[in-house]
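Here are the chains, one letter per residue:
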Amino acid sequence: MELYALGIDVGSTTVKTVVCNEAGEILHSAYQRHFSKVKETVSEQLESIAKKFPEAQFRSAMTGSAGLGLANAAGISFVQEVHAAFLAVRTCYPKADAVIELGGEDAKIIFLTGGVEQRMNGSCAGGTGAFIDQMATLLGISVQELDEAALKAKRTYPIASRCGVFAKSDIQPLLNQGAAREDVAASIFKAVVDQTVAGLAQGREIKGTVLFLGGPLSFQKGLRKAFVEGLKLSEENAVFPEQAPVFVALGSALYAEESKDSPRMAKALLEKVQNAKATSDVMTGDKLFASHEEYAAFVERHKQCDLTYADLRTYEGDAYLGIDSGSTTTKLVLITEDGRLLYSHYASNEGQPLDRIADRLKQIYHDKNENLIIKASAVTGYGEDLIKAGLSVDYGIVETVAHFKAASFFCPDVDFIIDIGGQDIKCFKIKNGAIDSIMLNEACSSGCGSFIQTFAMALGYDIGEFSQMGLFAEKPVELGSRCTVFMNSSVKQAQKDGATVEDISAGLSASIIKNAIYKVIRAKSVEELGKNIVVQGGTFLNDAVLRCFEREIGRNVIRPAISGLMGAFGAALYAKEQQEENGETSLISPEALENFSYTSKNIRCGGCTANCLLNVIRFSDGGRFVSGNRCEKGAGIRRETEVPDLYNYKYDRLMEIIQRKPVRKKAVIGLPMVLNFYELLPFWHTLFTNLGFEVVISGESDRKMYFSGQHTIPSDTVCYPAKIAHGHIEALLQKKADFIFWPCMTYNLGEPDTDNRFNCPVVAYYPELMKANHSGLNNENFCYPYLDINSRKNVIQVMRKVLEKYGVQKQIPAAVDAAYAALEDFRKELTSKAKEIISQARAEGRKIIVLAGRPYHLDKEINHGIHKLITSLGLAVISEESVAPMGKMPHLHVYNQWTYHSRLYRAAQYVTTQPDMQLVQLVSFGCGIDAITTDEVRSILESSGKLYTQLKIDEITNLGAAKIRLRSLLAAMNQQK
Amino acid sequence: MEKERDYPIFTKAMKETHTILIPTMLEIHFELMVHIFSIYGYKCEVLHSESRAVINEGLKNVHNDTCYPALLCIGQFMEALKSGRYDVNKVALMLPQTGGGCRASNYIYLLRKALKDTFPQVPVISLNFVGMEKDPENGWKISTSEIVRILYGIGYGDMLQTLYNQCRSYELVKGTSKKVLNVWIKRVKKLLSSNEYVHTKKYYEMMLRDFAKIERSTVPKIRVGIVGEIYVKYSPLGNNHLEDFLISEGCEPVVPSLLEFVLYYLFTKGNELKLYGRKSAALPVYQMFYKMFLAEQKRVVRQMTEHGVFRPPHDFEHLLHSVEQYIGLGVNMGEGWLIPAEMGALAESGTENIICTQPFGCLPNHIIAKGMSRAVKERYPNANIIAIDYDPGATRVNQENRIKLMLANARASGNL
C-alpha cells in the first residue's frame, strides 16, 4: 500500500493541495481560486486526488487563513501557515536566510539565520495581494495587465503603502492628472515593497539569500522586479521557487508527515470535509425584503422621483451641459431649458477622465439635432480643473454645491443630503436654504462604493449582479462598520462560518450604511438628520444599500432615479443659472474637439523650497494645465498682494530665532524639529545659547526624511507627526552634535481654566520609544530627562544634572529665566501678529480662517501646505495658539486636561465672537485625543451658528478632499452673508 | 473655573432606591467588589451582556476613534438601559476614573454625553481615589476603612484567580477547579462581611491546600502571559475570551494580578511628586497604602513559595528595579511602565510567550507596549511577544490566527 503526505492550503482567495512522498518530492499539486466557495473547492480537489491515487493512504494537514475553521469542523489537523512555510523552506532550501511570502490578504516574513523569527502583518492588509487587486481595479485593468505595465515604467511616484485606502488617495490624483499608467503600476509595486520593509521587517535587515513565495510573487514579474531592486538583491540571492504557489501546501504535507498524522484514504478525507458542519457563530440580521411584492412596492415608490426625458436627436433649442469628473467615474448630463434630460452618461473613467469626457462630448456633438444649442457648461468633481482647462468648460463648481442644487430640484425643502460615491461619502445639512454643515469621510473610504465593487469582483461577480443577490438574502451577515480592510477579514470569517454570497452581499450593503451614519454623520437619532432626506451617488443605485439606509434610519427617503448623476445634473443647473447673467459659451467647439490632443510632462517647481512635483499638461490649442502645486506659484500665477498667513510667519520666525549662536561654543546640542519643539524651540534655544551651547536642529521634514527613519518605527498606527520623528533623529545623528536633547514631559505648560495640563502620551514619552528602538542612540548621545516645564525649580534642577560636566551650574537659573521670557515674548509676538493679520484682512475685505491644530502642525510635511491652499482661496490664516489668549474657556462637556487641546476650545470660543472668522481643525490620523476634542470643538462652533470643518491629515499628500471642503466652506460662508 | 453642572449626580437618597450598574471586567474581583459595596449599603450589579447590541450601542454613542474599552463599557450601559431589564429611573452607572493623561479619564464625560439625550435622569458615579468629581451632594463616598476592605478584596480576588488559572488548565476531571473556586468565593464573601478578612495568611493557606488537592496533570503546557491595557487584558468581552481560547489550545494563561496595577498606581503618584519636586498633602496616604500592600504582597509571595505548589505573583519591588533598563519610571499614563515590567518579569520567570493585548490605536501602548517589545527581546532573546489589537471591526479569526503563529513558534523553539 502506498503512503503519502497530503497538504491542503486554504487561503483567503485560493485553495492549494500537494501530495508528496516521504522525501518531499511533489507527486501532485493543484492551485485554484475558490471564490469563497471553500468547502466545494477543497472537495473538488480531494476528489481528483482520490481518482489519481485510488489505493493510497494519506497523512494530512490543513493550513491557511481560511482553513482553520474547516479543519476544526472536519477533524483534520491544522498547522499555522507561517510555520508550514518554515517547514517547507527547511526541507527544500536549507540555505535560505529569509523568506518573504505575500498571499491574498497576508504578508509574512521568516528570518531563518541569526535568530529564527516569523512575522505576519497585523490587522492591516496593506501591501498584500488584495491590495494589488484593489489597485488594478482602480486602474480599470486586470492584475496581469498591471504587471505588464509596471515592467515598462520610466519612473515611480511615492504612494502610501500602509493601507489600500491611503494608496488610493495617492493614486487617484496621479491618474486624474494624467500620470502614465505604467509609472503608476510600478509605483504600486514599489509601495508593496516599502510596506514589507516598514511593516514587517521593522528594523531588521533583509539580506542574504531571500526566498519569495505566494501567488502574487510567483505570477507577477513586475512585483518580483520591484522586490529584487528594492532590497538590492543579486540575481542568485533572489530565489523564486517554481513550486511557490503551492509551497505552503507542501509545508503542511511535511507537517503531516512529521507529526505522524494517522493515515486515511482520500475518500475518507473527502467525506470528512463534505460532512463538516461549520460552527455558526456568525451574527445575522433581518432579511431586507420579506417578499418579492414588498420589493416591487419599494421599487415603485422610488420610481416616482425621475426626470422627464427629451430626445437629443429631435430636440431643438437651448441646452446645458453638466460634467462631474469624479474620482473613479465620469458623469455627463445634457438638459433642456426646463430640466428635461437629453443625454446622460455614467461610466468608469478608466483612469483617463479627460479622454473619456472628450469622447462623450464628441458623441453629443455628433448625435444632437443641429438646432440644439449648448448655451453653457459647468464641471465639478476631482477633475474639475483639468477638464475646465482642457475643454474650455464655462464654469467650475464645488461638488457640494452642485449636489445641493440637484437635490433641491427634486425636493425643494431638502434638509439633509447624503451622497455615497466610489471613494467618498459626502453628507450635508441644509439650513435656511444654505449648506450648513458638511461631513466627508476623511483619509478613509471605508464602506464606499468602490469597496463593494472590488469585493464583487473578488468573489467572481459583476457589481450589478452581486448587489442584486443581497435583496433576498435569508440571513444577512453583520460585518461591523470599520475600515475596508477590517471588513475583508469579517467577510472571511463569515465565509468560514458558512454564510452564502447572498448573505455577504446584503451584509456589505448594511455595513456601508452603518459606516456612513455612525462614522461619517455620527448621528445619534434620526431627528438629527431632518425630515426631507435626499440620497444620491452611484452607490445608492444599489437597491439593497438604499433599503438598508431606510431601514437604519427608520424613514423613507428620496432617491432620484438619476442618483448617480446628481453632481453632473447640479452642474448643468448651475450652468443654466449662470448663463442667464453672462453671454456665450466658451465650450470647446466640435471642430476643435476633433483635433483635440494633449501631452503630459513632469517637472519640479522651483518657486520655493517645497519643490513640488508638477504635472504639466499641454493641450493642442496651446493652453496648459498645471497640477501637483500646493500654492499658486507653481501654476504660474502671481498675486499682487500676498495673503497674510501666520503659519508662514511663525515658521520663518522660528528659523530666524535659531540663527543666533554663541560666540564660543562649549558643545553642540541637537534638537529634533518634532512634536512640542514647534512650540518650545525659543525656550530651549535661548536656554542653551545663553549658556554657550550651539543649537543645531534636525532640519525641515520631507517625505524622504520620513522614509529614512521608517525602519525604526515599532508601531505603524501611531500618528504621522510621531513617525516622522524617526527621520529627524537620523538627520540629527548625521549632524555631529555632542548629544541630542529631547525631554520626556508628562506635563505641559499650564493654560488658564483647565482641569490639568497634560501632554498626550505620544508627545510625553516618544523619546523613550526612540531610545528603545534606535540602535544608534545611547546614554551619551541621547539625553531625555523627565522634566516639568511648568516648574522653574524643576527645570533648573534637571538642567543642572544634564549639563553637569560643562561647568555652567551657576548661570543656569538666569538662562532658564531668559528662556521663559523668550518663550513668553514669542507667544505674545504671535498674538500681536495675529491681531495685525486680522486687521489687515479686514481692511482688504478678506475672511479669516483659524487653522487650528497643534504646534507640530506647523511642519510643512505634516500640514501638506493646507495653509497655502487656504490663502490661495483668498482667505487669511491665523493659528489656534495665537488667538486662544483672546478667547474665554467655554462651558465644556469633556475633561479638559490637555494643554494643546484646551487652546482649541478657547480658539473656537473666540471664533464664535468674530463674524468674519471660521475655524478649520487639522486632525492627524490616529490621534486618539482628537476623537474627544473634535466633537467638543464642533459643538462650541455650532452652538453659535458657525460652521465646523475638520481636515484629517496623514502621510498622504492628496489635497483634493481638503480643497473640496475648503471651497464648500467658502461657498457656505458667502451664502450665509 | 466654576463649572455649572448640567447632569444629575448620585445623591444620598439614591443609595436607598437605586441600583448601581458596573461594566464587566474581572469576574471574580468584581463579584467580591459588589459584595463589599453591599456591606456599605450600595446595591450594585455587574453587567454581563455580550450581545452584538453592546458593540452597536457603543458605535452609535461614542466617537468611533475612541478606545475600544470606552466603546464597550458605554455600549454595555446603553444596551442595559434600553433592554427593559431595569427601571431607568432607579439605576445609576459607575465607571472608574484614574485622572491620568490618557483618554480613560474622559470616559465618564463621554458616557454623560451619550446619556444626555436618551436617559438624562441617570446619574453616573466616578470610582476614583484622587478626589475627582467632588460634590457636597454626592451620595457615593468611600472611607479609608472601605478602601482597605476593597484592597483586601482585590488581594483575595488575585489569589483565587491565580490559583484557579494554574489549576484549570491541568485539571483531570473537568470542572473541579471551578467548583473549588465557587466554594471559596462564597467563603471570601462571608469573610469580607466580618472583620475576619484581615487574616489573609490563615485563609490563603487553606485556599492553597484546597486548590492543591485538585487532581492535575503533570504534563507541562505552554504558558502564555497576558499583559496589556487593563480592560482588554482582563475582560473576556474586550479580548474575545482570550483565556478560554488559550486553554482550548492546550495552554496555561498567566494573568498578572490586579494588585500589581494598584501598587503601580500608588507608586507612580508618589514617584511623580519626587520626580518633579512637588508636594502634596495626599502623599502620606498614598505612601501608607503603598507600604501596607507592598508588605502584604511580599508576604503572599513568600507564603506561596514556601507552599511550593503554585507560582507566586511577581514581586512588585523586583518589577520596579528591573524595568528601569527599558523605560523610565516617569512613564505613568495608562499602564505606563507596568507593561514592559510585566513582560520582562514574565520572560524572566520562564513564561516566555507573551500576548500584549491593546485596544486599536491606544495612545500609551504605542510607547509602552509595541514600543518596548524590542527592548524586552534584547534582554530576553527567547521572549516570544506578539501584540494583538482589539476593536469592534477586528475579527476573532484574525486574532486567533496570529496567536496560533505565536504558539507554533513556542512549540518549535520549545518555549513551555
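Since this is a predicted model, take the numbers as computed values, not measurements.

This next bit is on the overall build of chain B. In terms of helices and strands, chain B carries 17 helices and eight strands. The C-alpha atoms of chain B give a radius of gyration of 21 Å, which matches the 22 Å a tight globule of 416 residues would have. Across its three principal axes, chain B shows a C-alpha extent of roughly 60 × 50 × 45 Å. Going through the 416 residues of chain B one by one, you find that 54% of them count as buried. Long-range contacts, defined as pairs at least 24 residues apart, comprise 75% of the intrachain contacts of chain B with a sequence gap of at least 6.

The next subject is the overall build of chain A. Summing up its helical and strand segments, chain A has 36 helices and 30 strands in all. By the compact-globule yardstick of 30 Å for 977 residues, chain A fits well, its C-alpha radius of gyration being 31 Å. Counting only C-alpha atoms, chain A reaches 90 × 85 × 55 Å along its principal axes. The burial tally for chain A puts 59% of its 977 residues in the buried class. Intrachain contacts of chain A at a sequence separation of at least 6 include 74% that bridge at least 24 residues.

This next bit is on the interface of chain B and chain A. Listed as interface residues are 58 residues of chain B and, on the opposing side, 65 residues of chain A. Those elements giving two or more residues to the side of chain B that touches chain A turn out to be helix 3 (52-61), helix 5 (107-118), helix 15 (363-370), helix 16 (373-379) and helix 17 (396-413) of chain B. With 10 residues, the top contributor of residues to the side of chain B that touches chain A is helix 17 of chain B. Tallied by class, residues from the side of chain B that touches chain A come to 23 nonpolar, 20 polar and 15 charged.

The next point concerns helix 14 (residues 338-348) of chain B. All names here are of chain B. Summarising burial for helix 14: 10 of the 11 residues are buried, a large majority. Listed as buried for helix 14 are Leu338, Ile339, Pro340, Ala341, Glu342, Met343, Gly344, Ala345, Leu346 and Ala347. Looking one or two residues beyond helix 14, the residue adopting positive phi is Gly350, at roughly 90°.

Moving on: the packing of helix 6 (residues 144-168) of chain B against helix 8 (residues 200-212) of chain B. All names here are of chain B. For the pair helix 6 and helix 8, the least separation of the axes is 11 Å and the interaxial angle reads 15°. When the interaxial angle is binned, helix 6 and helix 8 end up roughly parallel. Crossing of helix 6 against helix 8: the hand is right-handed. Along the contact surface, helix 6 presents Gly155, Met159, Leu163 and Cys167, while helix 8 presents Thr200, Tyr204, Met207 and Phe211. Of the residues contributing to the contact of helix 6 with helix 8, the split by class is six nonpolar, two polar and no charged.

Right, let's get into the nonpolar core. Judged by nonpolar contacts, the single largest core of 447 residues is most densely connected at Ala85 and Ala572 of chain A together with Leu111 of chain B. No other element matches helix 30 (residues 812-844) of chain A, which puts 12 residues into this core. Filtering out sequence-adjacent residues up to four positions away, Ala85 of chain A remains in contact with Val99, Glu101, Ile110, Leu213, Phe247, Val248 and Gly251 of chain A.

With that settled, the discussion passes to the sheet that holds strand 28 (residues 876-879) of chain A. Residues and elements named next belong to chain A. Strands sit in the order 28-27-29-30 across an open sheet of four strands; the sheet is parallel. With partners counted over all chains shown, the strands left at the sheet margins are strand 28 and strand 30 (948-953), one partner each. Averaged over all adjacent pairs, the angle separating strand axes in this sheet is 30°, with direction ignored. Summarising the sheet, strand 27 (residues 848-852) and strand 29 (residues 917-924) pair through five bridges and their orientation is parallel. Along strand 29, the bridge assignment pairs Ile849 with Gln918. Taken strand by strand, helix 23 (residues 646-657) contacts strand 27 and strand 28, and its axis lies near 55° from that of strand 28. Sitting on the sheet, helix 34 (residues 899-912) touches strand 27 and strand 29, and the angle it makes with strand 29 is about 155°.

The next thing to look at is helix 20 (residues 543-553) of chain A. Residues and elements named next belong to chain A. Where burial is concerned, most of helix 20 is hidden: eight out of the 11 residues are buried. Among all positions of helix 20, only Asp543, Ala544, Val545, Leu546, Arg547, Cys548, Phe549 and Ile553 are buried. Residue Gly554 follows helix 20 closely and has a positive phi angle near 65°.

Further remarks concern the domain arrangement of chain B. When the parts of a complex come together, some accessible area is lost, and that lost area is often used as the size of the interface. All names here are of chain B. Each assigned domain of chain B is listed with its residue range as follows: domain 1 (14-141), domain 2 (143-219 + 280-309) and domain 3 (221-256 + 314-416). Each of domain 1 and domain 2 was reduced to a C-alpha centroid, and the two centroids are 27 Å apart. In this assembly, 12 residues from domain 1 lie in contact with 16 residues from domain 2. Here the side of domain 1 that touches domain 2 is built from residues that sort into eight nonpolar, two polar and two charged.

Further remarks concern the pairing of strand 11 (residues 317-325) of chain A. Residues and elements named next belong to chain A. Summarising burial for strand 11: seven of the nine residues are buried, a large majority. Direction of pairing for strand 11 relative to strand 14 (residues 372-380): parallel, over a ladder of eight bridges. Among the inter-strand pairings, Ile323 is bridged to a residue of strand 14, identified as Val379. Inspection of the sheet shows strand 11 paired to strand 12 (residues 329-336) by seven bridges, in the antiparallel sense.

Let's shift gears to the environment of Ile562 of chain A. Residue and element names in this part refer to chain A. Mapped onto the secondary structure, Ile562 falls in the loop between helix 20 and helix 21 (566-581). In this structure, the C-alpha to C-alpha distance between Ile562 and Asp324, residues 238 residues apart in sequence, is 13 Å. With residues near it in sequence (within four places) discarded, Ile562 still touches Leu307, Ser344 and Phe569.

Our focus in this paragraph is the confidence of the model for chain B. The predicted model of chain B averages 90 in pLDDT, with 98% of residues at 70 or higher. Within chain B, no element has a lower average pLDDT than helix 17 of chain B, which sits at 78, and none a higher one than helix 7 (residues 176-193) of chain B, at 97.

Residues and elements named next belong to chain A. Its identity is not glycine, yet Lys260 carries a phi of approximately 50°, on the positive side. Counting through the fold element by element, Lys260 comes out in the loop between helix 10 (247-258) and strand 10 (264-265). For Lys260, a count of 8 C-beta atoms within 10 Å translates into the label exposed. Even without being a glycine, Ser392 presents a positive backbone phi close to 50°.

The rules behind these values
- Residues numbered from 1 in each chain as written.
- Chains lettered and ligands numbered in written order.
- Predicted model: local features only at pLDDT ≥ 70, side-chain atom pairs only at ≥ 80, totals over all residues.
- Helix = DSSP H or I, 4+ residues; strand = E, 2+ residues; numbered from the N terminus.
- Rg over C-alpha atoms; globule rule 2.2 N^0.38 Å.
- Buried ≥ 20, exposed ≤ 12 C-beta atoms within 10 Å, placed from the backbone.
- Contact = placed C-beta atoms within 7 Å.
- Nonpolar A, V, L, I, M, F, W, Y, C, P; charged D, E, K, R; others polar.
- Axes fitted to C-alpha atoms, helices over the stretch in contact; angles between N-to-C directions.
- Parallel < 35°, antiparallel > 145°, perpendicular 65-115°, else oblique.
- Left-handed = near helix turned anticlockwise from the far one by under 90°.
- Core = buried A, V, L, I, M, F, W, Y, C linked by C-beta atoms within 7 Å.
- Pairing = 2+ DSSP bridges.
- Domains from an automatic or database assignment.
- pLDDT = per-residue confidence, 0-100.

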